[in-house]
Amino acid sequence: MIYLDNGATSFHKPPEVLRAVQEALRTCANPGRGSHRPAMAAAERIYDCREAASRLFGCLPEQVVLTTSGTHGLNMAIRTLVRPGDPVVISGFEHNAVTRPLHALGAQVTVAGRKLFSPEDTLEQMEDALRKRPKALICTHVSNVFGYILPVEQIGWLCRHYGVPWILDAAQSAGSLPLAQADFVAMPGHKGLLGPQGTGLLLCTRPPEPLLYGGTGSASLPPTMPEDLPDRGEAGTLNVPGYAGLTEGLRYLHRTGIHGMARRQQQEVRRAAAGLERLGFTVFSGPCQLGTLSFLPHGDCEEAATKLARKGIALRAGLHCAPLAHESAGTLDTGTLRISYGHDACPSQTQALLTAARVLL
Amino acid sequence: MDMIFITFRSITLAQRGERTLRTGGVDCALMRTPKWMENKGCGYCLRLRAGNESRAVSLLARDRVPYNKIYTQNADGSLEERSP
């Protein structure tokens, strides 16, 4: 099988990730809940994860709040900055993990920057929206549908200039691109960071509002959650095996370096785009694109994905939980077929895809 | 032997403190905070030999690891709180 669905989750994890999960299940109890050896071993594994993340992302270990997913982190960050009815700015390429929490809160949402692969449009529209001093700007780093890399360094500069707090959704970029310094950066652990499902990170410059209330193993007497990072965002028993695996994913990235990762993915995206265009498909490609590529088959996307799956190609069809991105690109009615490369991106994957794609002609 | 206890607001800070001290050559042990030292309930602290206190405090300050309080356990078992 050629796995090209890394935008959903990475599938071929480094072997040390699998070993760490198994080892944690065998040796670890509840972290921060005791002084016996299995509890302290669990606490060590958890701290290792924070430390590995802090090294990769340039923050302090206590600024790393462990979450169950990127969505979990985004919900927590949004609940921290946005109140019902608040004006908020988002990009035209947001995932439902951003739009649904905002809808649930009844936020007044301004969508800024809907032109695909146009950082100029993104910045111009966002600056216009920021002049009205919204309560927050929330945007993805990389579109999960089209791979468009938003100009986050400049967006961060604009947010600081206008004094608007910023939440960055790094679901598709963490592990492949250097991240910008936002007030909150949310990411899953199981995609580019190569950890197991059920893990995520929220990098915080301030304590978040908790989504869950409960035991933290610290300051147990007061009825309120602790004020400090990271405990304020981490009620309940942590997924120790999951974070032990994530630690190894983070260390793998630290060893191998993320710059080469992005370059390899981008090379394959360009190769795939050219090949699919030669086959006559409509392809969404452009500058500022990471390892994700959407294209339109001649018929139904879901049926096309099923045909490709039978040929051993794993990719994803549909709206990819991001109807706003499709609305921006004009593909809401059709959805797209999406290829998303991972840490193992290589020419043979692209060649296999292009050979198999002839079944769609 | 006199011992020093440095308490922290979370296990994460205690762990960062532990690494800071060890890297700086100060031997210490991470442990649950004795209940009488912690007025908010559960917590973690670092235990180290008396005499290392000033070095430990300066290392924690250098790495900006916030701590709560410092206690001394004297050789006769008596305990006293020190100014942080």
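Cut-offs used in this document
- Residues numbered from 1 in each chain as written.
- Chains lettered and ligands numbered in written order.
- Predicted model: local features only at pLDDT ≥ 70, side-chain atom pairs only at ≥ 80, totals over all residues.
- Heavy atoms only, no water.
- Axes fitted to C-alpha atoms, helices over the stretch in contact; angles between N-to-C directions.
- Helix = DSSP H or I, 4+ residues; strand = E, 2+ residues; numbered from the N terminus.
- Parallel < 35°, antiparallel > 145°, perpendicular 65-115°, else oblique.
- Left-handed = near helix turned anticlockwise from the far one by under 90°.
- Contact = heavy atoms within 4.5 Å.
- Nonpolar A, V, L, I, M, F, W, Y, C, P; charged D, E, K, R; others polar.
- Domains from an automatic or database assignment.
- Buried area = accessible area lost by both parts, 1.4 Å probe.
- Salt bridge = Lys/Arg side-chain N within 4 Å of Asp/Glu carboxyl O.
- Polar contact = N/O pair within 3.5 Å; in protein donor to acceptor, adjacent residues only side chain to side chain.
- Buried < 20%, exposed > 50% of the residue type's maximum accessible area, 1.4 Å probe, protein only.
- Arc of directions from axis to C-beta.

Peer 1: Honestly, the packing of helix H3 (residues 70–81) of chain A against helix H4 (residues 96–105) of chain A in this entry has me stumped. Any pointers?
Peer 2: When two helices pack together, their arrangement is given by the angle between their axes and by how far apart the axes lie. All names here are of chain A. Interhelical geometry of H3 versus H4 gives an angle of 40° and a closest axis separation of 9 Å. Here H3 is positioned oblique relative to H4, judged by the angle of their axes. The handedness of the crossing between H3 and H4 is right-handed. The segment H3 lies against H4, with Thr-71, Leu-74, Asn-75, Ile-78 and Arg-79 engaging Ala-97, Val-98, Pro-101, Leu-102 and Leu-105. Class assignment for the residues of the contact of H3 with H4 results in seven nonpolar, two polar and one charged.

Peer 1: What should I look at first to understand the domain arrangement of chain A in this one?
Peer 2: Accessible area lost upon the coming together of the parts serves often as the stated size of an interface. Residues and elements named next belong to chain A. Taken domain by domain, chain A comprises domain 1 (2–11 + 258–360) and domain 2 (15–256). When each unit is reduced to the centre of its C-alpha atoms, the spacing between domain 1 and domain 2 is 26 Å. Contacts between the two partners involve 36 residues from domain 1 and, on the opposite side, 33 residues from domain 2. Together, the buried faces of domain 1 and domain 2 total about 2,700 Å²; carbon and sulfur atoms form 59% of this surface. Between domain 1 and domain 2 we count one salt bridge in total. Where Arg-114 meets Glu-327, a salt bridge forms, and the shortest distance between an N and an O atom there is 2.9 Å. One can count 17 residue pairs in polar contact (both at pLDDT 80 or more) joining domain 1 with domain 2. Of all the secondary structure elements, the ones that give two or more residues to the side of domain 1 that touches domain 2 are helix H8 (258–278), strand E10 (292–296), helix H10 (323–329) and strand E13 (336–340). For the side of domain 1 that touches domain 2, the element with the highest residue contribution is H10, accounting for seven residues. Here the residues of the side of domain 1 that touches domain 2 sort into 16 nonpolar, 18 polar and two charged.

Peer 1: Would you mind going over the interface of chain B and chain A with me for this structure?
Peer 2: Each side of the interface is counted separately: chain B has 17 residues, and chain A has 24 residues. With both sides pooled, the region where chain B packs onto chain A buries about 1,700 Å², and carbon together with sulfur makes up 54% of that total. The interface formed by chain B and chain A includes five salt bridges. Close ionic contact of B:Arg16 with A:Glu62 constitutes a salt bridge, the shortest N to O distance being 2.7 Å. Elements supplying a minimum of two residues to the side of chain B that touches chain A: helix H1 (11–23) and strand E2 (29–32) of chain B. Here the residues of the side of chain B that touches chain A are counted per class, giving five nonpolar, six polar and six charged.

Peer 1: Sorry, what's going on with helix H9 (residues 301–310) of chain A here?
Peer 2: Because the α-helix completes a turn every 3.6 residues, residues three or four places apart line up on one side. Residue and element names in this part refer to chain A. For H9, the set of buried residues is Cys-301, Ala-304, Ala-305 and Leu-308. All buried residues of H9 lie within an arc of 100° about the axis, which places them on one face of the element. Opposite its buried face, H9 presents the exposed residues Glu-303 and Arg-310, each directed more than 90 degrees away. The secondary structure elements touched by the buried residues of H9 are strand E11 (313–314), strand E12 (316–318), E13 and helix H11 (347–356). N-cap assignment for H9: the residue whose side-chain oxygen lies 2.9 Å from the backbone N of Glu-302 is Asp-300. Within two residues after H9, Gly-312 carries a phi angle of roughly 85°, on the positive side.

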